[in-house]
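Observations on the model geometry
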Amino acid sequence: MDWNKILQVKNVTKNYGKGESRTAALRGISFDVLEGEFLGIMGDSGSGKTTLLNCIATMTRPTSGEILLNGEDISAFKGARLAKYRGGKIGYLYQEFELLDNLTARENIVLPLALHGITQKQAQGSLMELAGRLDIVPVLDRFPSQMSGGQKQRVAIARACMLQPSVLCFDEPTSALDVESIASVTSIIKDLSKEMAILIITHDEGFAKQVGTRVVRITDINQ
Ligand code: ADP
Ligand code: MG
């Protein structure tokens, strides 16, 4: 096992549908993320970026291939093991943030903890530390409809970081934001990258080059 490779995507394919309506979204994609690395993956719309992150975050299963986290094939996890893993060791920032509208920021952030057997009381210290760092203390009791796009994204980042993931994945983090929010999320992501590996997929080449320590094109790794 290669210890400095935290995430290894090995020859992953993902097909949607069958027969004539089949779409081959991922066609044997392979790449590694090194410990503490900040990897940007660039690709046009429809090139399989969201499908790739959904596979890595175990939201969907690849049709074939392996995804190893610290040498363990997470794409084969099932049942209780999968539930414990999902949203834990790999943090996932959805393109549309996916906060629940009827819960406050605080309730959204602590939502995944119950699945991992952690009480809100145990998590209070980490919640306040993260909220301070992400500048969301004033919005903790607001609902998503009362927050700006940048605030919603920072709340979603807090939710993804509560369980201290070793890899944090972002799906087009700049696409729903104004210029000011892009600057603030860029500095937040850079700050988080001191503690965890970061994988960002984006169609924004300038952003990828600005933040990533390594940038690859999905068309070069998706055979
Ligand atoms: P990107 O995020 O780069 O825009 P996606 O991963 O969303 O790309 O989509 C890759 C391809 O797979 C596209 O052709 C898309 O239409 C198709 N696709 C994505 N999700 C589904 C799905 N749930 N069912 C069928 N086809 C899908
Ligand atoms: Mg997408």
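Details of the structure are given in the entry above.
Scope of this entry: the structure provided in the associated data block. Counting from 1, residues in each chain are numbered in the order their sequence is written. The naming scheme follows written order: chains are lettered A onward, ligands numbered 1 onward. Predicted model: local features are reported for residues with pLDDT of at least 70 only, side-chain atom pairs are reported and counted for 80 or more only, and whole-chain, interface and lining totals are derived from all residues. Remark: hydrogens and water are excluded; side-chain values derive from all non-hydrogen atoms of the structure.

**Quick look at the sheet that holds strand E4 (residues 64–69)**
Selection rule: One requirement defines pairing of two strands: DSSP has to find at least two bridges between them. Under the scheme used here, helices are H or I runs from DSSP no shorter than 4 residues and strands are E runs no shorter than 2 residues, and both carry numbers assigned from the N terminus. The contact criterion used throughout is that any non-hydrogen atoms of two residues lie within 4.5 Å. Axis definition: a line fitted to C-alpha atoms, limited for helices to the stretch in contact. Angles are taken between N-to-C directions and run from 0 to 180 degrees.
One open sheet accounts for four strands, arranged E2-E1-E4-E5; its pairing is antiparallel. Two strands lie at the open edges of the sheet, namely strand E2 (23–34) and strand E5 (72–73), each paired on one side alone. Here helix H1 (residues 49–56) sits on the sheet in contact with strand E1 (5–16), E2 and E4, set at roughly 60° to E2.

**A short note on the nonpolar core**
Note the following rule: Buried Ala, Val, Leu, Ile, Met, Phe, Trp, Tyr and Cys residues form a nonpolar core when they are joined through side-chain atoms within 4.5 Å. Classification of residues uses two cut-offs on accessible area relative to the type maximum, computed with a 1.4 Å probe and protein chains only: under 20% is buried, over 50% is exposed, and between them is partly exposed.
Residues Ile-136, Ile-157, Leu-168 and Ile-198 are the most contacted members of the largest nonpolar core, which totals 37 residues. Secondary structure elements with two or more residues in this core: helix H3 (105–110), helix H4 (120–133), helix H5 (149–161), strand E7 (167–171), helix H6 (179–192), strand E8 (197–202) and helix H7 (205–211). It is H5 that provides the largest number of residues to this core, a total of six residues. Excluding its chain neighbours within four sequence positions, the residues that come into contact with Ile-136 are Ile-109, Ala-131, Gln-151, Arg-154, Val-155 and Ala-158. Formed by 31 residues, the second largest nonpolar core is a distinct cluster that contains Leu-26, Leu-53, Phe-77 and Tyr-85.

**Let's talk about the site of ligand 1**
To be explicit about the condition: Whether a residue is near a molecule or strand is decided by its heavy atoms; if any one of them lies within 4 Å of it, the residue is near. Pairs of N or O atoms within 3.5 Å make up the polar contacts considered here, provided that, within protein, one atom can donate a hydrogen while the other can accept it, and that residues adjacent in sequence are counted only when both atoms are side-chain atoms. Residues are sorted three ways: Asp, Glu, Lys and Arg are charged, Ala, Val, Leu, Ile, Met, Phe, Trp, Tyr, Cys and Pro are nonpolar, and all the rest, Gly among them, are polar.
Looking at ligand 1, the residues that line it are Tyr-16, Thr-23, Ala-25, Asp-44, Ser-45, Gly-46, Ser-47, Gly-48, Lys-49, Thr-50 and Thr-51. Note that an oxygen atom of ligand 1 is positioned 3.2 Å from one of the backbone N or O atoms of Ser-47. Here an oxygen atom of ligand 1 and a side-chain polar atom of Thr-50 are 2.9 Å apart. Elements that contribute at least two residues to the shell around ligand 1 include exactly E2 and H1. Broken down by element, the residue count for the shell around ligand 1 peaks at three residues, all from H1. The residue inventory of the shell around ligand 1, partitioned by class, reads two nonpolar, seven polar and two charged.

**Focus on the packing of H5 against H6**
Condition: Here the word oblique covers every angle except those under 35 degrees (roughly parallel), over 145 (roughly antiparallel) and from 65 to 115 (roughly perpendicular). Crossings are assigned a handedness: left-handed for a near helix turned anticlockwise from the far helix by less than a right angle, right-handed for a clockwise turn.
Running from N to C, H5 and H6 point in directions that differ by 15°, and their axes come no closer than 10 Å. Relative to H6, the element H5 lies roughly parallel. Considering the relative orientation of H5 and H6, their crossing is right-handed. Along its contact with H5, which presents Gly-150, Gln-153, Arg-154, Ile-157 and Cys-161, the element H6 presents Ser-181, Ser-184, Val-185, Ile-188 and Leu-192. Looking at side-chain class alone, the contact of H5 with H6 contains five nonpolar, four polar and one charged residues.

**Some thoughts on the packing of aromatic side chains**
Convention followed: Aromatic pairing here means that ring centres of Phe, Tyr or Trp (its six-membered ring) are within 6.5 Å. Orientation follows from the plane angle: under 30 degrees is stacked, over 60 is edge-to-face, and everything else is tilted.
Tallying each qualifying case throughout the model produces two aromatic pairs. The interplanar angle of 90° and the centroid separation of 5.7 Å between the aromatic rings of Phe-77 and Tyr-85 together place this pair among those described as edge-to-face. Both residues of the pair, Phe-77 and Tyr-85, belong to the buried class.

This is a description of form; function is not addressed.
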